[in-house]
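# Topology and contacts: notes
Residue-level listing of the chains:
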Amino acid sequence: MVFQPLFNSCSKDEKETIPYVYVNFYIQPNSTLYINLNHVGGYEYLTGGYNGIVVYRVNTETFVAFDRACPYDFKNNCRIEVEHSSITAIDSCCGSRFLLTDGSPFQGPASVSLKQYKTNYDGNYLHITN
């Protein structure tokens, strides 16, 4: 009997996940402290998560929050940066690009979406948690 070795074709982002870091805080996205979140399509970088958090305003009532660590090379301490279009973000280390509306990858080696945090907006406060 001959045994054939099994080769794993998964990329490194499918083998490892971004480490869990407790997230649980509130912001007031309509305040002057977060002026860039005052309009649809705006974003802000916040402290927290594994490598920082980016919050994006999808519409007047909906926000999304993602960890800034790229799921492909999160151990390199690179952070995704929002591009000039304000709807996409890029990891300058590996070149992966993501849509900020849902965190999905659309270019580069990453095949897994950005790590997303839960958001709940009551019209005044935005709660970001995991």
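Look a little higher up for the structure.
So, here's what we can say about the structure.

Conventions adopted
- Residue indices follow the written sequence of each chain, beginning from 1 at its first position.
- At least 70 in pLDDT is required for a residue's local features to be given in this predicted model, at least 80 for side-chain atom pairs to be given and counted, and no such filter applies to totals for whole chains, interfaces and linings, which use all residues.
- Working from all heavy atoms in the structure, the side-chain values ignore hydrogens and water.
- A helix here means a DSSP run of H or I that spans at least four residues, while a strand means a run of E at least two residues long, and both kinds are numbered starting from the N terminus.
- Contact definition: two residues touch when any of their heavy atoms are within 4.5 Å.
- Any pair of cysteine sulfurs within 2.5 Å is marked as a disulfide.
- Every case where a carboxyl oxygen of Asp or Glu lies within 4 Å of a side-chain nitrogen of Lys or Arg is listed as a salt bridge.
- Burial classes follow relative accessibility: with a 1.4 Å probe on protein chains only, a residue under 20% of its type's maximum area counts as buried, one over 50% as exposed, and anything between as partly exposed.

## Details of the environment of aspartate 91
- Examined against the element boundaries, aspartate 91 turns out to sit in strand β6 (residues 88–91).
- Between the C-alpha atoms of aspartate 91 and alanine 69, which are 22 residues apart in sequence, the distance is 8.3 Å.
- Beyond its immediate sequence surroundings of up to four residues, aspartate 91 is in contact with Cys70, Asp73, Cys78, Arg79, Ile80 and Ser96.

## A word on the state of the cysteines
- Tallying each qualifying case throughout the model produces 1 disulfide.
- Paired by a disulfide, cysteine 78 and cysteine 93 hold their sulfur atoms 1.4 Å apart. Given an S-S torsion of about -70 degrees, the disulfide between cysteine 78 and cysteine 93 has left-handed geometry. Separated by 15 residues along the polypeptide, cysteine 78 in the loop between β4 (63–67) and β5 (80–82) and cysteine 93 in the loop between β6 and β7 (97–99) bring together distant segments of the chain.
- Of all cysteine sulfurs in the structure, the one in cysteine 94 sits closest to cysteine 70, which takes part in no disulfide; the separation is 3.7 Å.

## Remarks on the pattern of salt bridges
- In total, this model carries 2 salt bridges according to the counting rule given.
- With a shortest N-O distance of 2.8 Å, arginine 68 and glutamate 81 are connected by a salt bridge. Pair noted here: arginine 68 is in the loop between β4 and β5 and glutamate 81 is in strand β5, with a separation of 13 residues, a long-range link.
- Note on arginine 68: relative accessible area 7%, which makes it buried.

Shape is all these values report; function is a separate question.
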